[in-house]
Amino acid sequence: MPGHSNSPVRRVGRAVTQRLKTWRLGRSLTVVPHEGMVKIGTTYGGWSIPADSLGPESVCYLAGLGQDASFDLGVIERFGCSVMAFDPVPEASRYAATVSASEPRFDFRPVGLWSADGTLRFYENAEPGFVSRSATNMHGTGEYTEAPVRAVDSLMAELGHERVDLLKLSVEGSEYEIVDDLLAKRLPVGVLCVEFSQPAPIEPVLERVRALQAANLQLVASILQPSGWKLTFSAA
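Bear in mind that the values here come from a model prediction, so they are computed numbers and not experimental data.

A. The arrangement of the pairing of strand β11 (residues 189-197) in detail. Of all nine residues in β11, nine are buried; the element is thus mostly enclosed. Pairing analysis gives five bridges linking strand β10 (residues 164-169) to β11, with the strands arranged parallel. Paired with Leu169 across the bridge in β11 is Val194. Of the crossover connections in this fold, the one passing from β10 over helix α5 (residues 175-185) to the parallel β11 is right-handed. Looking at chain direction, β11 and strand β13 (residues 228-235) are connected through seven bridges and run antiparallel.

B. Quick look at the packing of α5 against helix α6 (residues 202-214). Between α5 and α6, the shortest axis-to-axis distance is 11 Å and the interhelical angle comes to 20°. Taken together, the axes of α5 and α6 lie roughly parallel to each other. Considering the relative orientation of α5 and α6, their crossing is left-handed. Counted together, Tyr176, Val179, Asp180 and Leu183 of α5 and Pro204, Val205, Arg208, Ala211 and Leu212 of α6 form the full contact between these two elements. Residue classes in the contact of α5 with α6 are distributed as seven nonpolar, no polar and two charged.

C. Focus on the pairing of strand β9 (residues 144-151). As defined by bridge partners, strand β6 (residues 112-114) adjoins β9 across three bridges and the pair is classed as parallel. The residue of β9 that forms the bridge with Trp114 is Ala151. As defined by bridge partners, strand β7 (residues 118-124) adjoins β9 across six bridges and the pair is classed as antiparallel. If you follow Arg121 over to β9, its bridge partner there is Glu146.

D. Focus on the sheet that holds strand β4 (residues 83-86). Strand order in the open sheet formed by seven strands is β5-β4-β3-β10-β11-β13-β12, and the pairing between neighbours is mixed. Every interior strand has two partners, whereas the edge strands, β5 (106-109) and β12 (217-225), have only one. Across the sheet, the axes of successive neighbouring strands diverge by a mean angle of 15°, strand direction being ignored. Pairing of β4 with β5 involves four bridges; the strand directions are parallel. Bridge pairing in β5 places Ala85 opposite Phe108. Running at roughly 140° to strand β3 (residues 60-63), helix α4 (residues 152-159) makes contact with β3, β4, β5 and β10 of the sheet.

E. Focus on α4. Residues of α4 that are buried: Val152, Ser154, Leu155 and Met156. Among the structural elements, β3, β4, β6, β9, β10 and α5 are those in contact with the buried residues of α4. Following α4 by one or two positions, Gly160 has its phi on the positive side, about 75°.

F. Representation of the nonpolar core in the model. Ranked by internal contacts, the top residues of the largest apolar core, which has 36 residues, are Tyr61 and Leu169. Counting residues per element, this core draws most heavily on α6, which supplies five residues. Apart from the residues lying within four places of it in its own chain, the contact partners of Leu169 are Trp47, Ala63, Leu113, Ile178, Val179, Leu192, Cys193, Val194 and Glu195. Residues Cys60, Leu62, Phe79 and Phe108 belong to the second largest nonpolar core, which totals 26 residues.

Rules used in this analysis
Residues numbered from 1 in each chain as written. Predicted model: local features only at pLDDT ≥ 70, side-chain atom pairs only at ≥ 80, totals over all residues. Heavy atoms only, no water. Buried < 20%, exposed > 50% of the residue type's maximum accessible area, 1.4 Å probe, protein only. Helix = DSSP H or I, 4+ residues; strand = E, 2+ residues; numbered from the N terminus. Pairing = 2+ DSSP bridges. Right-handed = clockwise from strand over helix to strand, strands pointing away. Axes fitted to C-alpha atoms, helices over the stretch in contact; angles between N-to-C directions. Parallel < 35°, antiparallel > 145°, perpendicular 65-115°, else oblique. Left-handed = near helix turned anticlockwise from the far one by under 90°. Contact = heavy atoms within 4.5 Å. Nonpolar A, V, L, I, M, F, W, Y, C, P; charged D, E, K, R; others polar. Core = buried A, V, L, I, M, F, W, Y, C linked by side-chain atoms within 4.5 Å.

Laid out in structure tokens, this is it:
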């Protein structure tokens, strides 16, 4: 029906708008060259990080597993460290069990990350077949499940970690809350990989980029696609 929000014309229009936004964001970002960047993981689940940033004793918190552990397993293989993966989605828990069975250094926790400990509603994705869910209901759906969430500093205190060497956030809209919390608490993070999920406006993203840079986290890599904007920051 013409004018319907899911009509082919509307979908094409949204796709064009999203591509333009992605191009504009790329023009607005300045990536600081860093020698030895390495791409780890699949095209869907992968990230670029500094090759000299981690080692066997590194502390890695990786939020947003979904059904792609290629980055998690790639970090384990390359650096020899253990990783802690977090995801509140039931499908992720089932998938994680198959990963843990063959890789003991992969430690999965069925919780989401947030700015405080508690319980939140996680709303389903609007696209059929997508297992990811959003605590901020970024897709405007009505169905949800409830799941526990933890703040990064709370996890650090429980686990006895004084710093996090690698923090990955692929969290469907919760990235703003978590990044703001990291900055407010001045938590020591060596490498921060944050995906700004889409659709979302540009300015809130640029605000966080500027705030992270002011906190001496340099933007060292960007993987910009209309479906998601992946930015990697490294402590200066």
